[in-house]
Structures are given as structure tokens and as C-alpha cells.
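# Breakdown of the fold
What follows is each chain in one-letter form.
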Amino acid sequence: MTDAEKVFACKYEGRLALATRLVRARVSKGTLVCSSWVTEVDFRPRYNGPIFDAHSHVVDEEHIDLLVRIGEDYGVEKSLLIVHGDVGIESYEERYPDRFIFAKYFSGWMLFGEGLDEAVPEIHSMREEGYQVAKVHFAPFWSDRLSEVKNIPPLDSKEFNPFFEALADEEIPVLIHVSDPDTYYESRYDNEAVYGTKDEHLMELERRLERTPDVTFQVAHFGAQPEVHRLENLARLFDNYPNLNVDTGSARWMVRELGRDPETARRFVTRYSERILFGSDCVARSNDISYYEGRYKSERMLWESDVRDVPLPFVDADTVDSGGTFINGLNLDDEVLEKLYWKNALRIHM
Ligand SMILES: [Zn+2]
């Protein structure tokens, strides 16, 4: 053990038992801060059924095999795959017949830069091309990236009506990313004049749900509201908008926020278990096995286990300076797991 590890061991005695290796530690404002862990945790999954990963991406074709193989190690039998770039879906379908349903990616450049004249016809040809879901990305950072192009209208603005009307006509569900973690608004989006506020962005989502009742929404990342203080608002949205569903993409965001109060989170997920789809948000663009394993393993621990204070097996950039992110399991019932992992995605996407 190095000196830094010894100090750390004293401070986090209980937690260290679960960590096999402290990769990096540093001193910040006079206290020692863990910045990177590798953990080896004895996790035996409780759920033995099939898993549908309703949120995954492919960026580099060459890494699709790794995403599939590691997914299978963790029970994934089907995935919703968001396809980036111009390669189309043929090679994935040939290689893995019936393994994927495909989402077409409408980037901010297309929606906000080129305008809807390009995007709307693409919705009408999606089914022919083999896509079943439209993926759109309304993260606040587009305000920054596209400020020279034009001001981005809010999600609920009339300008986007033709896009959502086309989705309704074609009966195509939308997987939409709106807003971002609270932690981003405290750091990278702290200039409200450029980015707006999180509450504004969630309000725009609500008005879009209201305006487009005939489109099925899968709002990524727990509707951007896994923060425990936001669950009440998310419950209200579920109660008022039957077209709303969410996925659990981003293991670190879910683990960090829902794990803060596992009892409250457990009650919430149980109550709305028809509306929540398991998703890893894994992106096939890396040949690092631990990247995929870390996401699948930590999410499954979050949903299935009752562990406490287990270090997340990869770095969470949002807590790297404040002591790290720890897994606190929700220990969901088997029937809830079955819906979250499999049945809900089948109902919505198959
Ligand atoms: Zn994603």
C-alpha cells in the first residue's frame, strides 16, 4: 500500500473491503479524495430471465461484437440499437438476425441546423429502411454548439409540430433525450442566459407530451429526473401523460441519484414499473471490455441487489472530486424486474 492508500483505508475502512484496488487518489482542499477505483464485487444476479436493453448505440461497426457479447454475459437477448453514421442497418441485421430493433438518429445538426424539410421525409421512409424508432437529442449543449447556426426553438415550439405529426402518422415511437443531470446545470450549464434552466427544459418536455398525445415517448435517462427530489414531478408526469415512458440509460446517473435514497426509489420504481424500460446507454465504440461490463454489472446490482456503499466500478466524472459514486441496491421484486427488463420493451417496441 502506498501512503495515500493507507490514509484512504483509514478514512473509508468499511468501503475498502469491497474495493480490490484503488487506482488513483489525490489531495483536494486538504482532504484525500478517491478519484478512481477498480472493484471486484461478488454479485450473483437474482433475475434469470431475458433482458431487453432498450437504449444502446453503435458508433463503430467493428465494436458491435463486443457490445453483443458482453451484453449476453449479463442476460441481454435483445437491444434497441441507435445507429450513428451512414452505414445503415444491413450489416447488423445480417450478423445478428432478430437481435436488434433499430433507431434512426436525428442529430441536433439535422433538426436545428438543416431544418425539418430534411427530417420529416426521412420519418416517412424509416420503416422501409428497417428502422422502428426515432432517436432525437434535445440536450442543452446544442445551444452552445449551434449558436452560430440559429437560435434553437424549444421542444414544445410549433416549429417541431410537423416532425411529431409525422411520427404519429407512421406510428413510430420516439426515444428522446431532454435535459441533463442536475450536476451539469451546476457546472457546464451554469450560464443560464445561454442554456436555460432544467425546470424550463422539463416544462418544454411536458408541453410536448401534452401536444403530441398520439406519439409514444421513451424519454431517456429516467426522463432526466432520477434525482430523488424530482421523482414527485416525474410521478405527476406519469399520472397525466399515458404516452410517457422512461428508460434507465446511464448507469452512473441512475446509481448516483436513485441510490441516494434506495427506499424511496424502490417504491417509485415499483409503483411505475409499467413505464420504465431497462437501458444501458452503452456505446459500441470502444474495445475496452470493462467499459461494457461496468455499466451492465452496476445497473443490475442497482435493480436486483440490496448492497450498500459498493463503489461504482468505473469513474463517475461528476463525483470524482467529492468522494465517488456508490451503489445502493433497490432490491426490486421479481415481477417488477420482469417488466423493467423485458415485458415493457416488448409491449412498446415489438
Ligand atoms: Zn444514449
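Residues numbered from 1 in each chain as written. Predicted model: local features only at pLDDT ≥ 70, side-chain atom pairs only at ≥ 80, totals over all residues.

## As for the overall build of the protein chain
- In terms of helices and strands, the protein chain carries 17 helices and 13 strands.
- Out of the 350 residues belonging to the protein chain, those deemed buried represent 42%.
- Expressed as a percentage of contacts within the protein chain between residues at least 6 apart in sequence, the contacts between residues at least 24 apart total 75%. (Helix = DSSP H or I, 4+ residues; strand = E, 2+ residues; numbered from the N terminus. Buried ≥ 20, exposed ≤ 12 C-beta atoms within 10 Å, placed from the backbone. Contact = placed C-beta atoms within 7 Å.)

## Some details on helix α17 (residues 334-349)
- Taking 1.5 Å of rise per residue, the 16 residues of α17 would be expected to cover 22 Å, and the 22 Å separating its terminal C-alpha atoms lies within 8% of that figure.
- Along its length, α17 reaches its greatest deviation from straightness, about 45°, at L340.
- Turning to α17, its buried residues are V336, L337, K339, L340, Y341, W342, N344 and A345.
- At its buried positions, α17 is contacted by β3 (51-58), α15 (262-271), β10 (276-277) and α16 (289-304). (Expected span 1.5 Å × (residues − 1). Bend = angle between axes of the 7 residues up to and from the residue.)

## Comments concerning the confidence of the model for the protein chain
- Per-residue confidence for the protein chain averages 88 on the pLDDT scale, and 85% of its residues sit at or above 70.
- For residues 6-24, every residue scores under 50 in pLDDT, and the model assigns this stretch 31 contacts once sequence neighbours within four places are set aside.
- A low-confidence stretch, residues 34-38 (pLDDT under 50), is modelled with 21 contacts involving residues beyond four sequence positions or located in other chains. (pLDDT = per-residue confidence, 0-100.)

## Some details on the nonpolar core
- Within the largest apolar cluster, 85 residues are counted, with the highest numbers of intra-cluster contacts made by L81, A103, A134, L167 and I176.
- For this core, the element with the highest residue contribution is α17, accounting for six residues.
- When neighbours within four sequence positions are excluded, A103 is seen to be in contact with L80, L81, I82, V83, Y131, V133, A134, K135 and L175. (Core = buried A, V, L, I, M, F, W, Y, C linked by C-beta atoms within 7 Å.)

## Observations concerning unusual backbone geometry
- One non-glycine residue with positive phi stands out, namely D98, at about 60°.
- One can find D98 in the loop between α4 (90-95) and β5 (100-106).
- A positive phi is found at S179, a non-glycine position, where the angle reads about 65°.
- Its place among the elements puts S179 in the loop between β7 (174-178) and α9 (182-186).

## Regarding the environment of D117
- On the secondary structure map, D117 appears in helix α6 (residues 116-129).
- Accessibility expressed as a C-beta count within 10 Å gives 8 for D117, which makes it exposed.
- Each C-alpha atom, one on D117 and one on P162, is 9.5 Å from the other, the two residues being 45 residues apart in sequence.

## A closer look at the sheet that holds β5
- Spatially, β10-β9-β8-β7-β6-β5-β4-β3-β11 is the arrangement adopted by the nine strands of the open sheet, whose pairing is parallel. Because the sheet does not close on itself, it has two edges, and the strands there are β10 and β11 (282-284).
- Relative to strand β9 (residues 244-247), strand β8 (residues 217-219) runs parallel, the two being bridged by three bridges. The residue of β9 that forms the bridge with V219 is V246.
- Where α17 meets the sheet, it contacts β3, β4 (76-83), β5, β6 (131-138), β8, β9 and β10, and its direction lies at approximately 70° from that of β3. (Pairing = 2+ DSSP bridges. Axes fitted to C-alpha atoms, helices over the stretch in contact; angles between N-to-C directions.)

## Quick notes on helix α13 (residues 231-240)
- Of all the residues in α13, the buried ones are L231, L234 and L237. Along the axis of α13, the buried residues cluster in a sector spanning 115°; they form a single face. Residues of α13 that are exposed and angled more than 90 degrees away from the buried face: E232, R236, D239 and N240.
- Considering only its buried residues, α13 is in contact with α11 (198-211), α12 (220-223), β9 and α15. (Arc of directions from axis to C-beta.)

## Here we look at the environment of T325
- Its place among the elements puts T325 in the loop between β12 (310-311) and β13 (326-327).
- Not counting residues within four places of it along the chain, the set of residues in contact with T325 comprises R252, V255, R256, L312, D316 and T319.

## A short note on the pairing of β3
- Among the eight residues that make up β3, eight are buried, leaving the element largely enclosed by the rest of the structure.
- Relative to β4, β3 runs parallel, the two sharing six bridges. When the sheet's bridge partners are listed, F52 is paired in β4 with K78.
- For the handedness criterion, the β-α-β arrangement of β3, helix α3 (residues 64-73) and β4 is classed as right-handed.
- By the bridge criterion, three bridges tie β3 to β11 in an arrangement that is parallel. Each residue of the ladder has a partner; that of V58, found in β11, is A284. (Right-handed = clockwise from strand over helix to strand, strands pointing away.)

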